[in-house]
Every structure is written in structure tokens, then in C-alpha cells.
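Listed here are the chains, written in short residue letters.
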Amino acid sequence: LEALEECLDLDPTSSVALRELVAARRRLTDWQGAAEGLIRLARAKKSQEESVWAFTSLGEIYQNHLDDLPRSEAALRRALDLCPTHTEALDRLATVLVDLGRAAEAARLLQVLAGRESDALRARDYRIRLSRAVELADNARQAEAVLEELRNERPTDPDVVLAMADYYVRQGAKPAEAMH
């Protein structure tokens, strides 16, 4: 770490040194230090791709390690300001919004992700998450409709059947649950 800090003393915006510093801090589980390195990297504004990566990584650290969902949301929104179609940032932001109790906003993002995903399994997973977000936004009928449509397309998919069963358990629909 000392050598990286010395490199950064000579060139405070060195992308290579900042990325290595972030990686080293992550290995040491120094999440605050990793976050600070990512902030420095994002401020260096070397490239849009690097800034998007820095803000998305920062959002992940705030979400999963520093338990600061508002800052996670802010970092992910900064990434999306730079690249509105960035899948990882959209995906993470949807999760953060659900955790913040803003399921309707998350549902809109998940709808976008599901609609543009070319991989069938990932699209299925987005739609299952979409159903849950819609349910959390107090629209159980729409949540069920999303799952029913998915079940019609993939009737033997265990993840879909399980999602349907979980939905019915949460809704207290015992006869419907028994069918799944």
C-alpha cells in the first residue's frame, strides 16, 4: 500500500495506481479505503468507461459492505448519468431501490432490463424480480400476471414454478400454492 500511495503522491490521477489501490483495499476488506479510492478514480475522469466502473463499484461497496443505501443509490445514478444503458448499474440500482422501499421505481428498471435482455435465463430472472417488486409496490394482481405469463412460456422451469409457489405463500393462497 505504501508504494501505491507513493505513486499516487507523484501522480494523484494515475488510473493504474488507483485501481491497484482499490483492489488492495478490497483484499484487506478495508471498504472505506476502497470507497475513497473509487471516489478519487471517478474524480480523475480519465474515461467514461472508467468512471462508470468506479461509480458502479462504489455503489456495490456502499450497498453490500458499508450499509449506506442512499450513497449507493447516488453512486449508481452517477454511473447511469454517464451510461444510461449500463446493465450492472441498472440491476444494482433496482435492488437498492427495493431495499429502500421504493419498489415501484425498481419495477420500472426491472421491466427495462427484462425487455432488453437477450439471454432467456437472465430475462426470466429479471421478470421474477419484477414480479416481486410489483408485489411489494402493492399490486399483487399485476405481480401474479407477470408470473403467469412467465409460467405459460416456461411451464416446467423450476425457478418459475418456485417463484409462483413463493408468491402464493406470501399471498396466503393455500389452494393455489398446492398446485405449484
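Worth saying up front: this structure is predicted, and the values here are computed from it rather than measured. (Residues numbered from 1 in each chain as written. Predicted model: local features only at pLDDT ≥ 70, side-chain atom pairs only at ≥ 80, totals over all residues. Heavy atoms only, no water.)

Caption draft 1: The arrangement of the side chain of Glu-135 in detail. Tracing the sequence through the fold places Glu-135 in helix 8 (residues 120–136). Leaving out residues up to four positions away in the same chain, Glu-135 has contacts with Ala-143, Tyr-167, Arg-170 and Gln-171. (Helix = DSSP H or I, 4+ residues; strand = E, 2+ residues; numbered from the N terminus. Contact = heavy atoms within 4.5 Å.)

Caption draft 2: Inspection of unusual backbone geometry at higher detail. Positive phi, close to 50 degrees, is recorded for Thr-29, a residue that is not glycine. Position of Thr-29 relative to the elements: it lies in the loop between helix 2 (15–27) and helix 3 (31–44). Here the phi dihedral of Asp-138 falls at roughly 65 degrees; this positive angle occurs in a residue that is not glycine. Assignment of secondary structure puts Asp-138 in the loop between helix 8 and helix 9 (140–153). Exposure remark for Asp-138: the relative accessible area of 73% places this residue in the exposed category. (Buried < 20%, exposed > 50% of the residue type's maximum accessible area, 1.4 Å probe, protein only.)

Caption draft 3: Structural detail: the packing of helix 2 against helix 4 (residues 48–64). Running from amino to carboxyl end, helix 2 crosses helix 4 at an angle of 15 degrees, the nearest separation of the two axes being 13 Å. Taken together, the axes of helix 2 and helix 4 are roughly parallel relative to one another. The chirality of how helix 2 crosses helix 4 is left-handed. Mapping the contact onto sequence places Ser-15, Arg-19, Val-22 and Arg-26 in helix 2 and Glu-50, Trp-53, Ser-57, Glu-60 and Ile-61 in helix 4. When the residues that make up the contact of helix 2 with helix 4 are grouped by side-chain class, the tally is three nonpolar, two polar and four charged. (Axes fitted to C-alpha atoms, helices over the stretch in contact; angles between N-to-C directions. Parallel < 35°, antiparallel > 145°, perpendicular 65-115°, else oblique. Left-handed = near helix turned anticlockwise from the far one by under 90°. Nonpolar A, V, L, I, M, F, W, Y, C, P; charged D, E, K, R; others polar.)

Caption draft 4: Examining the environment of Ala-3 more closely. With respect to the element layout, Ala-3 can be found in helix 1 (residues 2–10). Judged by relative accessible area, which is 55%, Ala-3 ranks as exposed. Along the chain, Ala-3 and Leu-76 lie 73 residues apart, while their C-alpha atoms are 30 Å from each other.

Caption draft 5: Layout of the packing of aromatic side chains. Inspection of the entire model under this criterion finds one aromatic pair. Seen in terms of ring centroids, Tyr-167 and Tyr-168 are 5.2 Å apart; in terms of plane orientation they differ by 70 degrees. Their pairing is edge-to-face. Each member of the pair Tyr-167 and Tyr-168 is classed as buried. A cation over an aromatic ring shows up here: Arg-19 above the ring of Trp-53, its NZ or CZ 4.0 Å from the ring centre. (Phe/Tyr/Trp six-rings, centres within 6.5 Å; stacked < 30°, edge-to-face > 60°. Lys NZ or Arg CZ within 6 Å of the ring centre and 35° of its normal.)

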